[in-house]
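So you can see what is in the structure, the chains are spelled out below.
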Amino acid sequence: MSSFDEMDAFEGASLSARAMAARSQSMGAPYLDDLNPAQREAVERMDGPVLMLAGAGTGKTKALTARIVHLLMTGRARPNEILAVTFTNKAAREMKERVGRLLGQSIEGMPWLGTFHSICVKLLRRHAELAGLKSNFTILDTDDQIRLLKQLVQAAGIDDKRWPARQLAGVIDGWKNRALTPDKVPSADAGAYNRRGVELYAQYQTRLRELNAVDFGDLLLHVVVIFQTHPDVLEQYQRWFRYILVDEYQDTNVAQYLWLRLLAGGHRNICCVGDDDQSIYGWRGAEVGNILRFEKDFPGAHVVRLEQNYRSTPHILAAASNVIRGNAGRLGKELWTEADEGEKVRLIGHWDGEEEARWIGEEIEAMQRGTRGTRPFGLNEVAILVRASHQMRAFEDRFLTIGLPYRVIGGPRFYERMEIRDAMAYFRLVVSPEDDLAFERIVNTPKRGLGDKAQQVIQTTARANGVSLLEGARIAVEDGLIKGKGGAALRTLVEDLRRWGRMTGDADLSHMELAEIVLDESGYTGHWQNDKTPEAPGRLENLKELVKALENFENLQGFLEHVSLVMDNDKQDAEQKVSIMTLHAAKGLEFPAVFLPGWEDGLFPSQRSMDESGLKGLEEERRLAYVGITRAEELCTISFAGNRRVFGQWQSALPSRFVDELPEEHVEVLTPPGLYGGGYGAAAAQGGAARGNIESRVADVNVYNSPGWKRMQARAGQRGMSQPKESRTTVIDLAAVSSFTMGERVFHQKFGYGAIIGIEGDKLEVDFEKAGPKKVVAQFVTSNDDIPF
DNA sequence: AGTTGCCGTTTTTTT
DNA sequence: AACGGCAACT
């Protein structure tokens, strides 16, 4: 069967090119009318290479979607002849929606609008045999990947403490990102230390083929290799994809770059959209060089700059561009706006991370009421963007205490939860009995009395017969190799799996019902029902949600495919909440009011980034600062803390060097709320301002010049670390003063209500009504009748 | 075979 | 501080 039969099938489903062209002429082109000249140029310059340099908030998605519509309307391409690639599913979804909206009808046939990975899955399923795979290959997640590598490391007799599988996975991913197969890894990389790594990489690839599986990196790597080694296949696609569009081009890695260059090699109708100033994924293989080099790669490329910003106020833009100015080798853009001046960027220093969280919490409450000299803000309009996810905790703790609703974006994803992966392993095994990794995961979950020894017997039997683990288990059971309770349980499991497998063909049974049967009869649901830990109910809830999610799919296979590629977790909820997320997660988003806490050297810019990548690392951190500031539409508040707990240890830090790069005339330095001696700040601020250095101004109005601070620094120097808590507590931290009494009824966010049955320093023993007796830190507990602050 | 407790690591993250 | 992994114990 020709690979194109299926593609051609899309034609019928979509609007014909001629019909569209006719429509375009008869109706004019409203989608062009509200574009600015630069956007319009990016849309109308359809042939040949185009680089759209789109600064933050300049309407890049608008231009991109208009371009797709324009290609369709002018009859240049049919919907299935446009290849449009994004990095995230969210971006792909948004683009589909917007194209549909512009066309005034939903487009069924844009099969090639998607993420790099989802498009590569489609391509690879068609040409799997060229990569030594069957087209029903499974896609391993990181967890499977690491378990597999661990087995290989152990089999090679290497101490897996010196060569952690996680680290090896990182190295291999790095190679895959650079499109390097094991034989292509340069000897410089494969030096003394990594020689073993390359061998393991080769073994890993072999093992994946045996398992008929790929990891994420392989999706691209295999397709690139197929294109490189099968010119005929490449040519088909070069001809088929008449126009190529790429979003977030600055984030492409070498493999993606090669993939694009190969596909665009014929007609060169490629339009890449990106912003070199927003390249923040270098640490995972993205090459800013790709965008910097575009004009060399595609001679005659047309470069369009989108510089009019529709998002932020002039103060915010000025602050952002002054910061990013510190980077060398930029393509150069200057954002401008017609918006009114608005508020200056606000800057404030705090004693420690908890105080920072407390202040921001109060600030948000005030902003909600509109008592900050600004309009009232809804909680949905406010975001807190942090450098590293551990910073989120201080905010969560504080917001729980004061009852400020928040949502954490990113974080542990639904499909990464243990119970979900276990359930999915069952489904995988039902659908494909040869899935050894899935088998390993669930043989003894729930406990079936199958320990190391029994599992080893299964392994050996399977290997001896050259069959899958499940089949090996069947043979081992038949031959009576596994005795006792375990043997009986294994027999049941093997038979059940086979039975469920047959049920997939049952027309009277929906796949949702089947899923429920599998989870119930395998004993997995019961396993959590019997579990007394406080998380168990949540896990059962998640399992229910998982089954519900099946609703949207035809069958289990379709669902599994979806899950392996779409790990999204942004459930919509209607309630007004403050968003908390990392700067990385914030890319592409915007909020009227943004808080940027934790601007301390070492945290932001991150020490690790600077140690590992030097100046390059620092510049990426600076771009992160740029991304952060440009998320704000109206109000941007930057803050830093003098002390912070890191890995349970107090550490003091200096304000970030990026604070120095903020332009003074666009920044308002806030006086902290009268904690360190009232009028002191205001008077000192003037002295500091004369020195013209933001940091010293902050230092003056702040704790940094206070006698208390200096004492603390001296003491910190003596002891090697500071102990801010003890000296601070009496001044402000009323919440931390333990005032609990035995028998008192208290509330804990996670465990609910309970009575105090023991007090030891700042730890309480509480007999919770639902969760039973637990030891908890006093700070996490609120007295029933006393609302702090 | 399963449980407990100690030790070491962790904190850019998306597909 | 908190979690996961591993070893020693029951």
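An account of the accompanying structure is given in this report.

What counts and how
- Residues numbered from 1 in each chain as written.
- Chains lettered and ligands numbered in written order.
- Predicted model: local features only at pLDDT ≥ 70, side-chain atom pairs only at ≥ 80, totals over all residues.
- Heavy atoms only, no water.
- Near = heavy atom within 4 Å.
- Polar contact = N/O pair within 3.5 Å; in protein donor to acceptor, adjacent residues only side chain to side chain.
- Buried < 20%, exposed > 50% of the residue type's maximum accessible area, 1.4 Å probe, protein only.
- Helix = DSSP H or I, 4+ residues; strand = E, 2+ residues; numbered from the N terminus.
- Pairing = 2+ DSSP bridges.
- Expected span 1.5 Å × (residues − 1).
- Bend = angle between axes of the 7 residues up to and from the residue.

**Some words on the protein's contact with DNA strand C**
Here's step 1: As a structural note, the neighbourhood of DNA strand C is formed by Lys150, Asp160, Arg393 and Phe647.
Here's step 2: Lysine 150 places a polar side-chain atom, nitrogen or oxygen, 3.2 Å from a phosphate oxygen of DNA strand C.

**Here's the deal with the pairing of strand β2 (residues 82-86)**
Here's step 1: Burial analysis of β2 places 5 of its 5 residues in the buried class, which makes it a mostly covered element.
Here's step 2: The alternating pattern of β2 places Ile82, Ala84 and Thr86 and Leu83 and Val85 on opposite faces, both of which are buried.
Here's step 3: As judged from the 4 bridges shared by β2 and strand β6 (residues 243-246), these two strands associate in the parallel manner. Bridging from a neighbouring strand, valine 85 pairs with valine 246 of β6.
Here's step 4: Note that β2 and strand β3 (residues 113-115) share 3 bridges and pair parallel. What sits directly across from alanine 84, in β3, is leucine 113.

**A few points about unusual backbone geometry**
Here's step 1: With an omega dihedral of -5°, the bond running from threonine 445 to proline 446 counts as a cis peptide bond.
Here's step 2: Among the secondary structure elements, proline 446 is positioned in the loop between α20 (436-442) and α21 (452-465).
Here's step 3: Put simply, phenylalanine 604 and proline 605 share a cis peptide bond, and its omega is 5°.
Here's step 4: Counting through the fold element by element, proline 605 comes out in the loop between β13 (591-596) and α29 (607-629).

**Some remarks on α29**
Here's step 1: With 23 residues, α29 extends only 21 Å from end C-alpha to end C-alpha; this falls clearly short of the ideal 33 Å at 1.5 Å per step.
Here's step 2: Of all the bends in α29, the greatest measures close to 140° and is centred on serine 613.

**Regarding the pairing of strand β12 (residues 578-582)**
Here's step 1: Summarising burial for β12: 5 of the 5 residues are buried, a large majority.
Here's step 2: Neither face of β12 is open: one carries Val578, Ile580 and Thr582, the other Ser579 and Met581, and all of them are buried.
Here's step 3: Where strand β10 (residues 382-386) lies against β12, 4 bridges are found, and the strand directions are parallel. Opposite leucine 385, over in β12, you have methionine 581 as the bridge partner.
Here's step 4: Where strand β11 (residues 406-408) lies against β12, 3 bridges are found, and the strand directions are parallel. In the strand pairing of β12, tyrosine 406 is matched with valine 578.

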